[in-house]
Amino acid sequence: MASRGVNKVILIGNLGADPEVRYTQNSTAIANLSIATSETWKDKQTGEPREQTEWHRCVAYRRLAEIAGEYLKKGSKVYVEGRLQTRKWTGQDNVERYTTEVVINEMQMLDSRGGPQGGPQGAAPQGQGFGGQQSGGYGGGQSQPSQQQRPAPQPAQPQNQQPQQKPAEPAPFSPDNDFDDDIPF
């Protein structure tokens, strides 16, 4: 058995409000998001369609927070991955309170360009994913946008020239099958 547990959350939903982005004293961006997920089913007794919406408190840090604030708005459809975290805080009335939220470490915007309310054209590519490892609290690694690799355009060959020879490709990789795969779990 594993000595550690698994704390992973995956959500696909819509933002209930524009992201709230703020900055700490040392200029770390923090974005609070409210994501709604809905479940639909048909009532067995009445046969009528039913729907239940669940609201999720989510938070993103650093570059991921800046991206959320720049490209997401109320109604945006988004995919997020993260972990649950419960924080203890004291309200203005000096009462201790607890908040459970999803700390986002991966995000994928699912709307088409321009978003649901027809935002700026070309602002963010459709399905552009952003993420990075972030540790608990306000610390952690830097989030980097994922880059899709596109082949470079090939220049047109003049008709009089011979095509250039392609360099020889390396032999395909063949794994060494002489290893012990009795890994205890």
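Rules used in this analysis
- Counting of residues starts from 1 at the beginning of each chain's written sequence and follows it residue by residue.
- A pLDDT threshold of at least 70 governs which residues receive local features in this predicted model, and a stricter bar of 80 or more applies before side-chain atom pairs are shown or counted, although totals over entire chains, interfaces and linings include all residues.
- Hydrogens and waters are ignored; side-chain quantities use all the structure's heavy atoms.
- Residues belong to a common nonpolar core when they are buried Ala, Val, Leu, Ile, Met, Phe, Trp, Tyr or Cys residues joined through side-chain atoms within 4.5 Å.
- Here's how the labels work: a residue is buried when its accessible area is under 20% of the maximum for its type, exposed when over 50%, partly exposed in between, all with a 1.4 Å probe on protein chains only.
- The helix count covers DSSP runs of H or I at least four residues long, the strand count covers runs of E at least two residues long, and both are numbered beginning at the N terminus.
- Residues count as neighbours in contact if any of their non-hydrogen atoms are within 4.5 Å of one another.
- Strands pair, by our definition, only if DSSP identifies at least two bridges between them.
- Positive charge is attributed to Lys and Arg, negative charge to Asp and Glu, and no charge count is given to His or to the chain ends.
- Salt bridge criterion: a side-chain nitrogen from Lys or Arg within 4 Å of a carboxyl oxygen from Asp or Glu.
- As a per-residue quantity, pLDDT reports the predictor's confidence and falls between 0 and 100.

(A) Seen up close, the nonpolar core. Ranked by internal contacts, the top residues of the largest apolar core, which has 20 residues, are Leu 33, Leu 72, Ile 104 and Met 107. When contributions to this core are tallied by element, the ones reaching two or more residues are β1 (9-15), β3 (29-42), β4 (49-61), α1 (62-71), β5 (77-90) and β6 (96-109). Setting aside residues up to four positions removed in sequence, Leu 33 forms contacts with Leu 15, Pro 19, His 56, Arg 57, Cys 58, Ala 68, Leu 72 and Ile 104.

(B) Region of interest: the pairing of β5. Of the strand pairs in this sheet, β1 and β5 are connected by six bridges, and their pairing is antiparallel. Across the sheet, Ile 12 pairs through a bridge with Tyr 79, a residue of β5. Sheet analysis places β5 next to β6, joined by 13 bridges and oriented antiparallel. What sits directly across from Leu 84, in β6, is Val 102. Remark: five residues form the turn of the hairpin made by β5 and β6, two consecutive strands paired antiparallel; Asn 94 in that turn has positive phi of roughly 60°.

(C) Examining the environment of Ser 27 more closely. Take Ser 27: it is sitting in the loop between β2 (20-23) and β3. Using a relative accessible area of 56% as the deciding quantity, one classes Ser 27 as exposed. With 35 residues separating them along the chain, Ser 27 and Arg 62 place their C-alpha atoms 8.8 Å apart.

(D) Structural detail: the side chain of Asp 111. Mapping Asp 111 onto the fold places it in the loop between β6 and β7 (129-131). Buried and unpaired, Asp 111 has Lys 77 as its nearest opposite-charge partner, separated by 6.8 Å.

(E) How the structure looks around the pattern of salt bridges. Following the criterion strictly, the structure yields six salt bridges and no others. Taking the shortest distance from any N to any O, the salt bridge between Glu 81 and Lys 8 comes out at 3.3 Å. Taken together, the residues Glu 81 in strand β5 and Lys 8 in the segment before β1 connect sequence positions 73 residues apart. Judged by relative accessible area, Lys 8 falls into the exposed class, the value being 54%. Where Lys 88 meets Glu 96, a salt bridge forms, and the shortest distance between an N and an O atom there is 3.6 Å. The exposure class of Glu 96 is partly exposed, given its relative accessible area of 48%.

(F) Summary view of the confidence of the model for the protein chain. Across the protein chain, pLDDT averages 75, with 59% of residues at or above 70. Every residue in residues 117-128 scores below 50 in pLDDT, and together they form 25 contacts with partners more than four places removed in sequence or on other chains. Predicted confidence is poor over residues 173-183, with pLDDT under 50, and the contacts of this stretch with residues over four places away or in other chains come to zero contacts.

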